[in-house]
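Listed below, chain by chain, are the residues.
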Amino acid sequence: MSDNLYERPLLITLIGILFGLIAIIGIIGGIMIVIGGESILIEAGYSEYSGFAAAAGAVFLVLGLVYLLICIGFFKGWPIMWYLGVFFSVIGVLMCLVSLLTGSYYMVVGVAIYAVILLYLFRDNVKLYFLG
């Protein structure tokens, strides 16, 4: 049962699943970078950067856990998760735009997805679900 009185919109369920997939990728990627990234850099002769690989992996791991928390919060309707969803969607749009400017033209899809999520989070029924 949901923590709030309003019914969860269908697209919030889909967005929650999307954030869950991002979380899984971030957690697995973070673990793989922490475990393997350091040894690859040492083997390639860049041992002075091995600590950087571990730190980058830890960042990916923490971000994956945050996305997992957002996923759970979207299913439960926690009000703080609406704010985090908006924040991370804005960050996602900005990161995709930077990638787009550097020549990764396929990031147009990422910009479109994050923009749709952002616009949808500001709909009245979605705000009512999260913010009551």
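Use the structure listed above.
First things first, this report covers the structure right here in the doc. Each residue is numbered by its place in its chain's sequence as written, counting from 1. Owing to the predicted nature of the model, reporting of local features is limited to residues with pLDDT of at least 70; listing and counting of side-chain atom pairs is limited to 80 or more, with chain, interface and lining totals taken over all residues. Water and hydrogen atoms play no part in the side-chain values, which are based on all heavy atoms of the structure.

Points about the overall build of the chain
Secondary structure counts use DSSP, requiring at least four H or I residues in a row for a helix and at least two E residues in a row for a strand, with both numbered from the N terminus. Tallying secondary structure elements over the chain gives five helices and zero strands in all. With the C-alpha coordinates of the chain rotated into their principal frame, the extents come out at 55 × 35 × 15 Å. Remark: exposure states derive from per-residue accessible area (1.4 Å probe, protein chains only) relative to the maximum for the residue type, with buried under 20%, exposed over 50%, and partly exposed in between. The buried share of the chain, taken over its 132 residues, is 33%. The contacts of the chain with a sequence gap of at least 6 include a subset with a gap of at least 24, amounting to 71%. In the structure as shown, the chain presents an accessible area of about 8200 Å², 77% of it carried by carbon and sulfur atoms. For this count, His and the chain ends are skipped, Lys and Arg are scored as positive, and Asp and Glu as negative. A charged residue contributes its charge at one atom only: NZ of Lys, CZ of Arg, CG of Asp or CD of Glu. The positive charge centre, built from 4 side chains, and the negative charge centre, built from 6, are 21 Å apart in the chain. The contact definition used throughout considers only heavy atoms, calling two residues in contact when any of these lie within 4.5 Å. In these tables, accessible area is a Shrake-Rupley quantity obtained with a 1.4 Å probe, and a residue counts as shielded only by the protein chains included in the view.

Overview of the packing of aromatic side chains
Note on aromatic contacts: the rings of Phe and Tyr and the six-membered ring of Trp form a pair at centre separations within 6.5 Å, being stacked when their planes are under 30 degrees apart, edge-to-face when over 60 apart, and tilted otherwise. Counted according to the given criterion, the structure contains eight aromatic pairs. Measuring from centroid to centroid gives 5.0 Å for Trp-82 and Tyr-83, while their planes differ by 85°, and the two rings are edge-to-face. A residue is classified by how much of its surface remains accessible, and Trp-82, at 6% relative accessible area, is buried. An aromatic cluster is built from Phe-19, Tyr-67, Phe-74, Phe-87, Phe-88, Tyr-129 and Phe-130, whose rings are joined through pairwise contacts.

Points about the packing of helix α3 (residues 79-101) against helix α5 (residues 124-131)
Only the contacting stretch of a helix is used when fitting its axis, a line to C-alpha atoms as for every element, and angles between N-to-C directions run 0 to 180 degrees. Running from amino to carboxyl end, α3 crosses α5 at an angle of 130°, the nearest separation of the two axes being 7 Å. By the criterion of interaxial angle, the relationship of α3 to α5 is oblique. Facing Pro-79, Trp-82 and Tyr-83 of α3, the residues of α5 in contact are Val-126, Lys-127, Phe-130 and Leu-131. Across the contact of α3 with α5, the residue classes tally to six nonpolar, no polar and one charged. We call two directions roughly parallel when the angle between them is under 35 degrees, roughly antiparallel when it is over 145, roughly perpendicular when it lies between 65 and 115, and oblique otherwise. Residues are sorted three ways: Asp, Glu, Lys and Arg are charged, Ala, Val, Leu, Ile, Met, Phe, Trp, Tyr, Cys and Pro are nonpolar, and all the rest, Gly among them, are polar.

A short note on a nonpolar patch on the surface
Patch membership is restricted to residues that have no salt bridge and whose relative accessible area is over 30%. Joining uses 9 Å for like charges and 5 Å for the nonpolar side chains Val, Leu, Ile, Met, Phe, Trp and Tyr. Think of a salt bridge as a Lys or Arg side-chain nitrogen and an Asp or Glu carboxyl oxygen that are within 4 Å of each other. Residues Leu-10, Leu-11, Leu-14, Ile-17, Leu-21, Ile-24, Ile-28 and Met-32 make up a contiguous nonpolar surface patch of roughly 790 Å² in combined accessible area. On the secondary structure map, Met-32 appears in helix α1 (residues 10-43).

Let's talk about the side chain of Ser-89
Along the chain, the position of Ser-89 falls in helix α3. What makes Ser-89 buried here is its relative accessible area of 0%. Residues contacting Ser-89, with those up to four places away along its chain left out, are Phe-19, Tyr-114, Ile-117, Leu-118 and Leu-121.

Let's talk about helix α4 (residues 108-121)
The span you would expect from a helix comes to 1.5 Å times its residue count less one. Here α4 is 14 residues long and its end C-alpha atoms lie 20 Å apart, about the 20 Å a rise of 1.5 Å per residue gives. Where α4 is buried, its residues contact α1, α2 (50-76), α3 and α5.

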